[in-house]
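What follows is the residue order along each chain.
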Amino acid sequence: DVVGRLAWEFIHPDDREETVSALQRTVAGEATLVRLRFLVADGTFRWFETHSRAVVGSDGTLRVLSIGRDISERQRVELD
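Just so it is clear, the model here is predicted, and its values are computed rather than measured.

The rules behind these values
- Residues numbered from 1 in each chain as written.
- Predicted model: local features only at pLDDT ≥ 70, side-chain atom pairs only at ≥ 80, totals over all residues.
- Heavy atoms only, no water.
- Pairing = 2+ DSSP bridges.
- Helix = DSSP H or I, 4+ residues; strand = E, 2+ residues; numbered from the N terminus.
- Buried < 20%, exposed > 50% of the residue type's maximum accessible area, 1.4 Å probe, protein only.

Chemist: Lay out the pairing of strand E2 (residues 45-56) with the relevant residues and their values.
Modeler: Here is the key point about a regular strand: its side chains alternate between the two faces of the sheet. As paired elements, strand E1 (residues 32-39) and E2 share eight bridges and run antiparallel to each other. Within the sheet, the bridge partner assigned to Leu33 lies in E2 and is His51. Turn length for the E1-E2 hairpin, with the two strands adjacent in sequence and antiparallel, is five residues, and the turn residue Gly43 shows positive phi of about 90°. As paired elements, E2 and strand E3 (residues 62-70) share nine bridges and run antiparallel to each other. Residue pairing across strands places Val55 opposite Arg63, the latter belonging to E3. Taking the residues between adjacent antiparallel strands as the criterion, E2 and E3 are bridged by five residues, where Gly60 takes a positive phi near 90°.

Right under this line is the structure:
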């Protein structure tokens, strides 16, 4: 279901601007943390916390390394 689709299509519209800003800061060399809602297989949005940083490969290619985890339960507790 995800083949041929852009990652942006899965990010909640209200979180896209912050996510783009974080990506721009990451590419500029800043390690970033962003919380965003991401569309999952069952059609609902779940909260994720994503840590990212830029990595330059041995060939000089800039890549972004991101590690995300589902924080939906934590968000639910914090918002209640």
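Chemist: Can you tell me about the environment of Val2, naming the residues and giving the values?
Modeler: Assignment of secondary structure puts Val2 in the segment before helix H1 (16-27). Of the residues examined, Val2 reaches a relative accessible area of 51% and is grouped as exposed.

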